[in-house]
Amino acid sequence: MNLTKKQVRDFEDEGYLFIPGAFTNEEVAVLNAEVPGIFAQERPEVWREKGTQSVRTAFAAHTYNEAFRLLARHPRLIEPAMQLLGGPVYVHQFKINGKAAFDGDVWQWHQDYGTWARDDLMPEPRAMNVALFLDDVTEFNGALMLIPKSHRRGVLEAGHDLATTSYPLWTLDTAEIARLVDEGGLVAPKGAAGSMLIFHCNLVHASPGNISPFSRTIVYVSACHVDNHIRRFERDEWIAHRDFTPVECLADDCLADLAPPGRPAA
Ligand code: SIN
Ligand code: MN
């Protein structure tokens with residue numbers, strides 16, 4: 001999938017691109033059918049929210065689940081990242097975030113590259129997130145909030161928050177967030193399942209807790225230019241991957257070969 005010149009310009013200017021309807025209901029159904037089975041597994045890759053059994057994030061499902069293995073090589077996710085990064089990419093991180101109905105906890109204000117630089121020694125911010133909504137994202141269920149243009153500010157000072165949620169994160173202070181929002185405003189892209197959100201690895205973002213009865217599952221592929229692979233290997237392999245092989249995209253209809261729920265495979 002090729003982005004238009006305007007989409008490339010918008011991404012460079014604003015730090016994100018929102019593409020509703022990128023995946024069909026059938027493709028989303030194939031992926032969603034796999035999520036309960038992944039979330040039910042007791043394995044280190046599957047992190048629960050503090051104090052509940054609800055899943056906060058399930059890492060690296062593309063390494064052990066066939067539908068997500070295909071998704072991690074899907075041209076609609078990977079080709080835009082290759083285009084924006086100007087070359088081959090590898091998957092630095094892959095996660096399915098649950099943000100469960102009633103239990104989904106906050107993600108504090110942060111930049112992903114802040115963590116990748118500090119923890120993994122990724123040399124440059126030549127990486128991005130490509131997110132696919134597996135549920136409708138609404139004003140009720142903890143939509144991501146992004147600060148447009150904040151990706152141009154480089155790596156901002158951050159503190160390592162090990163206490164607020166079950167997941168350690170390098171987070172920004174509130175005075176800095178207020179300044180950035182004053183300059184760039186705030187957006188919260190909402191849309192139906194199947195929508196895609198691409199954002200720069202230095203874009204400042206967060207999401208509130210989900211106290212609605214609607215879960216908000218989003219899958220994230222973090223793509224990094226192969227030349228820019230991480231240099232430090234201290235975090236678990238399934239959080240910060242060490243396989244820097246360039247992704248080879250599959251056919252656009254690769255998910256259609258898997259059986260939709262209730263129907264035999266083609
Ligand atoms: C993240 O920033 O990595 C996750 C945020 C979210 O899924 O709400
Ligand atoms: Mn993030």
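Before any of the text, the structure's been laid out above.
For clarity, every value in this text was computed on a predicted model and none was experimentally measured. (Residues numbered from 1 in each chain as written. Chains lettered and ligands numbered in written order. Predicted model: local features only at pLDDT ≥ 70, side-chain atom pairs only at ≥ 80, totals over all residues. Heavy atoms only, no water.)

### Details of the side chain of Q108
Argument step 1. Looking at the element boundaries, Q108 is found in strand β5 (residues 107-110).
Argument step 2. Side-chain polar atoms of Q108 contact the side chain of D161, separated by 3.0 Å.
Argument step 3. Leaving out residues up to four positions away in the same chain, Q108 has contacts with R56, D161, T164, T165, L169, T171, H205 and A206. (Helix = DSSP H or I, 4+ residues; strand = E, 2+ residues; numbered from the N terminus. Polar contact = N/O pair within 3.5 Å; in protein donor to acceptor, adjacent residues only side chain to side chain. Contact = heavy atoms within 4.5 Å.)

### Some details on the pattern of salt bridges
Argument step 1. Taken as a whole and assessed by the stated rule, the structure comprises 12 salt bridges.
Argument step 2. Between E42 and R48 there is a salt bridge, with its nearest N and O atoms 3.7 Å apart.
Argument step 3. Looking at R48, the relative accessible area reads 16%, which means it is buried.
Argument step 4. Taking the shortest distance from any N to any O, the salt bridge between R179 and E176 comes out at 3.6 Å. You can see R179 and its partner E176 sitting in helix α7 (residues 174-184), three residues apart, about one turn around the helix.
Argument step 5. Owing to a relative accessible area of 47%, R179 belongs among the partly exposed residues under this scheme.
Argument step 6. Connected through salt bridges with shared partners, the residues E27, R76 and D252 form a single ionic network. (Salt bridge = Lys/Arg side-chain N within 4 Å of Asp/Glu carboxyl O. Buried < 20%, exposed > 50% of the residue type's maximum accessible area, 1.4 Å probe, protein only.)

### Observations concerning the packing of aromatic side chains
Argument step 1. Within this structure, the stated rule accounts for 10 aromatic pairs.
Argument step 2. Ring geometry for F18 against F133: centres 5.7 Å apart, planes inclined by 40°, an arrangement best described as tilted. Here the residue F18 occupies a position in strand β1 (residues 16-19), and F133 occupies one in strand β6 (residues 127-133), the gap between them amounting to 115 residues.
Argument step 3. F133 sits in the buried class, given a relative accessible area of 1%.
Argument step 4. Between F59 and W238, the aromatic rings sit 6.0 Å apart at their centres with planes inclined by 50°, giving tilted as the arrangement. Taken together, the positions of F59 in strand β3 (residues 55-59) and W238 in the segment after β12 (218-225) put the pair 179 residues apart, joining distant regions of the chain. For the pair F59 and W238, one class covers both residues: buried. (Phe/Tyr/Trp six-rings, centres within 6.5 Å; stacked < 30°, edge-to-face > 60°.)

Read these as geometric descriptors, not functional statements.
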